[in-house]
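Residue-level structural notes
Chain by chain, the residues:
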Amino acid sequence: VYALWPSGFTSAAVGTRLVQRYFDHLQLGEFFEALELIEDLHRNENPEQLGEVAAGAGVDAILDAVSLWGKEHWRDVAEIVARVGERMVPALLDRLQAEEALSRRKRLMEMIIAVGPRAAPAVAEVAQDPRWFVVRNAMLLLRRLNARDAVELVAAGAEHEDPRVVAEAVRTLAAFGDSRWLQG
């Protein structure tokens, strides 16, 4: 149905309905169906609706679905996040910065990592944040994303005033095979 109206008001209305159905499927634990709707939005190149899915409400819906339906659905969730892609990373990072529960922080990091190398530019941006824990998390994420092009940023983290950031930066430099980790 969506392909019959590729542009205009009807297309936007259908896209909005697809987004609502996506959120409904997450609530019901129907992860495969939610992923199919993400695929439909991609196929029809609907950036506005994909933006809605990628925003803070989309992150909240995914976290709530995992909490409600269990960790055994993590693979499904990771596939959804990976397919939404780098559009979701800024909202995931915002939520990571605000999250107090360690288990949810780990889940958020896993979601960012599920996006793969496309997440690295957004992660590199937050590595300049003044808060030590944000920078430490960015160092860890850059390592897990194997973002070797951010090595200079990581090397700067090895000079950070907080020893927790320095330790994570040194681990990342070592993982990248950069000899500056010996100086940390």
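For the structure given in this document, a descriptive report is provided here. (Residues numbered from 1 in each chain as written. Predicted model: local features only at pLDDT ≥ 70, side-chain atom pairs only at ≥ 80, totals over all residues. Heavy atoms only, no water.)

**Digging into the layout of surface pockets**
The cut-off we apply is this: The rule is simple: put a 1 Å grid over the protein atoms alone, call a set of points where a 1.4 Å probe fits but cannot get out a cavity, call an open set with protein on both sides within 12 Å along at least five of seven lines a pocket, and count a residue as lining if it has an atom within 4 Å of a point. Grid points are joined across faces, edges and corners, and a volume is the space filled by probe spheres set on the points. The secondary structure listing takes helices from DSSP runs of H or I that are at least 4 residues long and strands from runs of E that are at least 2 residues long, numbered from the N terminus. Under the scheme applied here, ten amino acids are nonpolar (Ala, Val, Leu, Ile, Met, Phe, Trp, Tyr, Cys and Pro), four are charged (Asp, Glu, Lys and Arg), and all others, including Gly, are polar.
Within this model, the largest pocket holds a volume of roughly 200 Å³. In terms of lining, the largest pocket is formed by L96, L102, R105, K106, M109, E110, I113, R136, N137, L140 and R144. When residues of the lining of the largest pocket are traced back to their parent elements, those giving at least two are α7 (102-115) and α9 (132-144). A total of six residues in the lining of the largest pocket trace back to one element, the largest contributor, which is α7. Here the residues of the lining of the largest pocket sort into five nonpolar, one polar and five charged.

**Quick word on the side chain of R104**
Basically, it comes down to this: Accessible area is worked out with a 1.4 Å probe on protein chains only. A residue is then buried under 20% of its type maximum, exposed over 50%, and partly exposed in between. Whether two residues are in contact is decided by their heavy atoms: any pair within 4.5 Å suffices.
Here R104 is to be found in helix α7. On the basis of relative accessibility, which here comes to 16%, the residue R104 falls in the buried class. With residues near it in sequence (within four places) discarded, R104 still touches L63, D64, S67, R95 and E99.

**Observations concerning the packing of aromatic side chains**
In plain terms, the rule: Working definition: a ring pair exists when centres of Phe, Tyr or Trp rings (six-membered ring for Trp) sit within 6.5 Å. Plane angles under 30 degrees give stacked, over 60 give edge-to-face, the rest tilted. For a ring to carry a charge above it, either NZ of a lysine or CZ of an arginine must fall within 6 Å of the ring centroid while also lying within 35 degrees of the normal to the ring plane.
The full count for this structure, using the stated rule, is two aromatic pairs. An angle of 65° between the planes, with centres 5.3 Å apart, marks the rings of Y22 and F23 as edge-to-face. Taking the relative accessible area as the measure of exposure, Y22 reaches 0% and is therefore buried. With 5.9 Å between their ring centres and 85° between their planes, W132 and F133 make a pair best called edge-to-face. Since its relative accessible area comes to 27%, W132 is described here as partly exposed. Positioned above the aromatic ring of W132, the side-chain terminus of R164 is 3.5 Å from the ring centre.

**Quick notes on the packing of helix α4 (residues 56-69) against helix α6 (residues 89-98)**
Rules: The axes are straight lines fitted to the C-alpha atoms, using for helices just the contacting stretch, and the angles between their N-to-C directions are given from 0 to 180°. Note on terminology: angles under 35 degrees are roughly parallel, angles over 145 are roughly antiparallel, angles of 65 to 115 are roughly perpendicular, and the others are oblique. Should the near helix be turned anticlockwise from the far one by less than a right angle, the crossing is termed left-handed; should it be turned clockwise, right-handed.
Axis separation between α4 and α6 bottoms out at 8 Å; the angle between their running directions is 65°. Between α4 and α6, the interaxial angle falls into the category roughly perpendicular. The crossing of α4 and α6 is right-handed. Here G56, V59, D60 and L63 of α4 lie close against α6, whose contacting residues are A91, L92 and R95. For the contact of α4 with α6, a count of residues per class yields four nonpolar, one polar and two charged.

**What to know about empty space enclosed by the protein**
Across all of its chains, the model carries one cavity of 30 Å³ or more by this definition. Computed from the structure, the largest cavity encloses a volume of approximately 40 Å³. As for the largest cavity, its lining consists of L93, L96, Q97, V126, F133, V134, N137, A138 and L141. If you list the elements that add at least two residues to the lining of the largest cavity, you get α6 and α9. Taken together, the residues of the lining of the largest cavity break down into seven nonpolar, two polar and no charged.

**Here we look at the environment of I80**
Within the element layout of this structure, I80 appears in helix α5 (residues 74-84). Judged by relative accessible area, which is 1%, I80 ranks as buried. When the C-alpha atoms of I80 and F31 are compared, they prove to be 8.0 Å apart, with 49 residues separating the residues in sequence. In contact with I80, other than residues within four places in its own chain, are Y22, L26, F31, A34, L35, I38 and I62.

**Re helix α3 (residues 47-54)**
Note the following rule: The directions considered for the arc are those from the helix axis to the C-beta atoms.
Looking at α3, one finds that the buried residues are Q49, L50, V53 and A54. Buried residues of α3, seen end-on, are gathered within an arc of 145° and therefore sit on one face of the element.

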